[in-house]
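# Secondary and tertiary structure notes
Here are the chains, one letter per residue:
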Amino acid sequence: MAEPSIALEDVEVRVKDCCILDDVSLTSGTCEWTLLVGPSGCGKSTILRTINGLCPPSKGRVLNLGTWLPGRNRHEARKAWRSTGTVLQEVALFETRTVLTNVELGCRAAGLPADKARSEALTWLDRLGLVDRAADYPASLSGGQRQRVALARAFAPRPRLLLLDEPTSALDQVTAQVVLDGISELVENGTCVVMSSHRPEEVGMRCTRCVVLDGGRVVQVTSGVPDLAVP
Ligand SMILES: Nc1ncnc2c1ncn2[C@@H]1O[C@H](COP(=O)(O)OP(=O)(O)OP(=O)(O)O)[C@@H](O)[C@H]1O
């Protein structure tokens with residue numbers, strides 16, 4: 001069997017005396033979409049931050065695109081970051097750069113040449129309904145528009161790994177489905193997606209598996225979204 005794109009093995013994350021993740025194990029591979037669900041504070045964001053190295057585990061280990069954390073060197077970390085698109089809850093944009101440049105910079109950081117970066121940036125801004133705002137600066141955008149710029153920046157390089165923390169939280173239902181269509185296309189073309197959501201029903205059977213968390217522990221793993229009310 002091929003090595004998964006990401007894996008958590010018996011991961012514990014502690015902050016001071018507080019155990020935030022407790023014995024968490026999960027894997028996700030190429031062309032797979034893993035959805036993290038559960039009540040607020042159950043540890044979804046911490047899992048995403050642990051996968052991309054922002055939150056080191058106190059026990060266990062984490063596989064990220066071929067290298068294990070802790071222990072990877074700077075070169076390996078840089079290589080993984082270039083192949084990873086990350087959109088966390090706090091959307092961080094380059095405020096002194098235009099919308100188009102924000103997305104182009106994501107492509108350039110991933111190694112795309114300038115002309116390809118421009119065309120992919122325009123393609124994804126168009127798909128996410130923002131091409132008419134390409135020359136504007138982030139400060140002039142709404143919260144949902146800023147979220148879509150961050151998503152376009154993450155999607156445009158077609159990364160091997162996509163880490164998304166509630167990527168449709170600021171979007172209406174129609175726009176959310178456009179974003180989910182984009183994620184589906186990336187997954188079909190090989191991307192491994194790990195995504196948290198408070199609205200799992202909008203993802204439905206698009207995802208490969210759903211990991212239900214409670215109190216920092218995995219309580220259920222299902223194919224597709226289980227029929228349960230997640231707060
Ligand atoms: N830096 C930190 N210091 C102390 N506690 C933290 C820290 N980061 C997260 N926590 C705690 O860890 C727990 C899990 O937080 P996390 O953000 O992962 O939850 P979540 O499931 O993503 O929540 P939400 O759905 O509200 O975004 C929470 O109880 C939170 O207060």
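These notes cover the structure that comes with them. (Residues numbered from 1 in each chain as written. Predicted model: local features only at pLDDT ≥ 70, side-chain atom pairs only at ≥ 80, totals over all residues. Heavy atoms only, no water.)

Time to look at the side chain of T222. As for its position among the elements, T222 is in strand 10 (residues 217-223). For T222, a relative accessible area of 18% gives the class buried. In this view, T222 contacts T208, R209 and C210; residues no more than four positions away in its chain are not counted. (Helix = DSSP H or I, 4+ residues; strand = E, 2+ residues; numbered from the N terminus. Buried < 20%, exposed > 50% of the residue type's maximum accessible area, 1.4 Å probe, protein only. Contact = heavy atoms within 4.5 Å.)

What follows deals with the sheet that holds strand 4 (residues 59-64). Strand order across the open sheet formed by four strands is 2-1-4-5, with antiparallel pairing between neighbours. At either end of the open sheet lies a strand with only one pairing partner, and these are strand 2 (18-28) and strand 5 (67-69). Each adjacent strand pair in this sheet contributes to an overall mean axis angle of 25°, direction not counted. Note: strand 1 (residues 6-15) against strand 2, seven bridges, orientation antiparallel. (Pairing = 2+ DSSP bridges. Axes fitted to C-alpha atoms, helices over the stretch in contact; angles between N-to-C directions.)

Right, let's get into the sheet that holds strand 3 (residues 33-37). Across the sheet, six strands lie side by side as 6-7-8-3-9-10; this open sheet has mixed pairing. Since the sheet does not close on itself, it has two edges, and those belong to strand 6 (84-87) and strand 10, each with one partner. Going from strand to strand, the sheet's axes swing by 15° on average, the running direction of each strand aside. Of the strands in this sheet, strand 3, strand 7 (161-165), strand 8 (192-196) and strand 9 (209-214) touch helix 1 (residues 44-51), which is tilted by about 150° from strand 7.

On to unusual backbone geometry. Positive phi values are uncommon outside glycine, yet D23 reaches one of about 60°. With respect to the element layout, D23 can be found in strand 2. Owing to a relative accessible area of 43%, D23 belongs among the partly exposed residues under this scheme. In this structure, C31 is a non-glycine residue whose phi angle is positive, near 65°. Examined against the element boundaries, C31 turns out to sit in the loop between strand 2 and strand 3. Looking at C31, the relative accessible area reads 38%, which means it is partly exposed.

These figures come from the coordinates and say nothing about function on their own.
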